[in-house]
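Spelled out, the chains give:
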Amino acid sequence: MEKLIVCASCGAEYDSELVRCPYCGTAYAPAEEKEYMQQLDETRKELEAHKEDGIKSMKKGLGRVILLTVLAVAVIVLLIVGGLWLSKSGENDRDAKKKEEFLNHLGVTTQAEEGPER
Ligand SMILES: [Zn+2]
């Protein structure tokens, strides 16, 4: 159902959906406001879309930074653990050798040192 409004300027009747009076061009406030609000809404939607894009790309970049950081930390931890393991196993080898030498030494001198001194 069409609603007719009366022009405040010239008194002519016209469809309320029209933004302006078709006879004198005077703007009909509610219709104009509606159009303005629509434009504002569109602008807001556009802005929000841009904002979401920005957040999305920011999250993407942040995710990449986090991934790189995690990878770097993992590599560093692997290097440290690997280095520790290598140095420890080297120490173990050396210890084993020392132990063997010591045991050999003991083997040679056991009878001499294990006297009834205690
Ligand atoms: Zn008019």
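For clarity, every value in this text was computed on a predicted model and none was experimentally measured.

Quick notes on the rules
- Counting restarts for each chain: residues are numbered from 1 in the order of the written sequence.
- The predicted origin of the model limits local features to residues at a pLDDT of at least 70 and limits the giving and counting of side-chain atom pairs to 80 or more, whereas totals for whole chains, interfaces and linings rest on all residues.
- Side-chain descriptors were evaluated using all non-hydrogen atoms of the structure, hydrogens and water having been removed beforehand.
- A run of H or I in DSSP becomes a helix once it reaches four residues, and a run of E becomes a strand once it reaches two; helices and strands are each numbered from the N terminus.
- Contacts were defined at the residue level, with two residues in contact if any of their heavy atoms lie within 4.5 Å.
- To be clear on the numbers: accessible area is Shrake-Rupley with a 1.4 Å probe, and residue cover counts the displayed protein chains and nothing else.
- Residues belong to one nonpolar core when they are buried, are Ala, Val, Leu, Ile, Met, Phe, Trp, Tyr or Cys, and are joined through side-chain atoms within 4.5 Å.
- Burial classes: relative accessible area under 20% of the type maximum marks a residue as buried, over 50% as exposed, and values in between as partly exposed (1.4 Å probe, protein chains only).
- The donor definition counts N, O and S atoms within 2.8 Å of each metal and applies 3.2 Å to Na, K and Ca; water is not among these atoms, so some sites may look incomplete.
- A site with four donors is called tetrahedral when every donor-metal-donor angle falls between 85 and 135 degrees; four donors are called square planar, and six octahedral, when opposite donors sit more than 155 degrees apart and all other angles fall between 65 and 115; any other arrangement is irregular.
- Salt bridges, as used here, are contacts in which a Lys or Arg side-chain nitrogen is within 4 Å of a carboxyl oxygen on Asp or Glu.
- A residue's pLDDT is the predictor's confidence in that residue, given on a scale from 0 to 100.

### Overview of the overall build of the protein
- The secondary structure content of the protein amounts to one helix and two strands.
- Counting helices and strands in the order they occur from the N terminus, the protein gives β-β-α.
- Look at the contacts in the protein between residues 6 or more apart in sequence, and 0% of them connect residues 24 or more apart.
- In the structure as shown, the protein presents an accessible area of about 10800 Å², 61% of it carried by carbon and sulfur atoms.

### Some points on the nonpolar core
- Membership of the largest hydrophobic core is limited to five residues, which are Ile5, Cys7, Tyr14, Cys21 and Tyr28.
- Here Ile5 is in contact with Ala12, Glu13, Tyr14, Asp15, Ser16 and Tyr28, once residues within four sequence places are set aside.

### A closer look at the coordination of the zinc ion
- With distances of 2.2 to 2.3 Å, the protein atoms coordinating the zinc ion are Cys7 (SG), Cys10 (SG), Cys21 (SG) and Cys24 (SG).
- For the zinc ion, the four donor atoms in the first shell make angles of 101 to 116 degrees at the metal, so the coordination geometry reads as tetrahedral.
- Donor residues binding the zinc ion come from one chain and are separated in sequence as C-x2-C-x10-C-x2-C. Note that Cys10 is positioned in the loop between β1 (4–6) and β2 (13–15) and Cys21 in the loop between β2 and α1 (29–113), a separation of eleven residues in sequence.

### With respect to the pattern of salt bridges
- Counted by the stated rule, this structure contains two salt bridges.
- A salt bridge links Asp41 to Arg44, with the nearest nitrogen and oxygen atoms 3.3 Å apart. Within this pair, Asp41 and its partner Arg44 are both found in helix α1, separated by three residues, close to a single helical turn.
- A salt bridge links Lys45 to Asp41, with the nearest nitrogen and oxygen atoms 3.7 Å apart. With Lys45 and Asp41 both in helix α1 and four residues apart, this pair spans about one turn of that helix.
- According to the relative accessible area criterion, Asp41 is partly exposed, its value standing at 29%.
- Overlapping salt bridges, with partners in common, bring together Asp41, Arg44 and Lys45 in one network.

### Digging into the confidence of the model for the protein
- Mean pLDDT over the protein stands at 83; residues scoring 70 or higher make up 89%.
- α1 is the least confidently modelled element of the protein, averaging 84 in pLDDT, while β2 averages 89, the highest of any element.

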